[in-house]
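What the coordinates show
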Amino acid sequence: MTVLAVIIGGAVGALARYGVIGYVQTKTRDPRPWGTFAVNVTGAAVLGLVVGAGPTGWWVLPTTAGFLGGYTTFSTWMIETIYLAEGGGVAAVRSGLLNLVGTLGIGAIAAAAGYLVGTWL
């Protein structure tokens, strides 16, 4: 039963990622991958919140490994970083590095903030 719940959570998370990325990209009208940034940072914050709260129960794995695993995307982030940097020149490399370092830094801050909030719940 837990495996089925993780599968369903992953499917729902993937659909949520698709929707959020599309929405953010439409709203920003910017070729840079703001949608991927948004899902990875919000996913890190929610995972921090769940872990910080120290939850127990049947819903933990479907939420963390399932939904958040399907919602966030490491592979897309890496490919988009390469695409940003491959244009050549200093501006392209800077853009790729900013995507890499910015997502890591802000994602870590979001996860820590979520964790702290979770410990207060």
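Provided above is the structure to which this section pertains.
Predicted, not measured: the structure shown is a model, and the values here were computed from it. (Residues numbered from 1 in each chain as written. Predicted model: local features only at pLDDT ≥ 70, side-chain atom pairs only at ≥ 80, totals over all residues. Heavy atoms only, no water.)

**A look at the overall build of the chain**
Along the backbone of the chain there are 5 helices and 0 strands. Principal axes of the C-alpha set define a box for the chain whose edges measure 50 × 30 × 25 Å. The buried share among the 121 residues of the chain stands at 30%. Put simply, of all contacts in the chain between residues at least 6 apart along the chain, 69% involve residues at least 24 apart. Accessible surface, the chain as shown: approximately 7,400 Å² in total, 75% of it carbon and sulfur. (Helix = DSSP H or I, 4+ residues; strand = E, 2+ residues; numbered from the N terminus. Buried < 20%, exposed > 50% of the residue type's maximum accessible area, 1.4 Å probe, protein only. Contact = heavy atoms within 4.5 Å. Areas by Shrake-Rupley, 256 points an atom, 1.4 Å probe, with all protein chains shown as cover.)

**Overview of a nonpolar patch on the surface**
Together, Leu47, Val51, Tyr115, Leu116, Val117, Trp120 and Leu121 make up an exposed nonpolar region whose accessible area comes to about 760 Å². Listing elements by their share of the nonpolar patch, those giving two or more residues are helix 2 (34–53) and helix 5 (89–120). Within the secondary structure, Val117 sits in helix 5. With relative accessibility at 37%, the residue Val117 sits in the partly exposed group. (Patch = residues over 30% accessible without salt bridge, like charges linked within 9 Å, V, L, I, M, F, W, Y side chains within 5 Å. Salt bridge = Lys/Arg side-chain N within 4 Å of Asp/Glu carboxyl O.)

**Overview of unusual backbone geometry**
The phi angle at Arg29 is positive, at roughly 50°, despite the residue not being glycine. Assignment of secondary structure puts Arg29 in the loop between helix 1 (2–28) and helix 2.

**Digging into the packing of helix 2 against helix 5**
Look at helix 2 against helix 5: their axes get within 6 Å of each other, and the N-to-C directions meet at 30°. Considering their axes alone, helix 2 and helix 5 lie roughly parallel with respect to each other. The element helix 2 and its partner helix 5 pack so that their crossing is right-handed. From helix 2, Phe37, Asn40, Val41, Ala44, Ala45, Gly48, Leu49, Val51, Gly52 and Ala53 reach across to helix 5, where they touch Gly102, Thr103, Ile106, Gly107, Ala110, Ala111, Gly114, Tyr115, Val117, Gly118 and Thr119. Looking at the contact of helix 2 with helix 5 residue by residue, the classes come out as 12 nonpolar, 9 polar and no charged. (Axes fitted to C-alpha atoms, helices over the stretch in contact; angles between N-to-C directions. Parallel < 35°, antiparallel > 145°, perpendicular 65-115°, else oblique. Left-handed = near helix turned anticlockwise from the far one by under 90°. Nonpolar A, V, L, I, M, F, W, Y, C, P; charged D, E, K, R; others polar.)

**Description of helix 5**
The terminal C-alpha atoms of helix 5 lie 47 Å apart, and with 32 residues this matches the ideal 46 Å at 1.5 Å per residue to within 8%. Within helix 5, burial applies to Ala92, Gly96, Asn99, Thr103, Gly107, Ala110, Gly114 and Gly118. (Expected span 1.5 Å × (residues − 1).)

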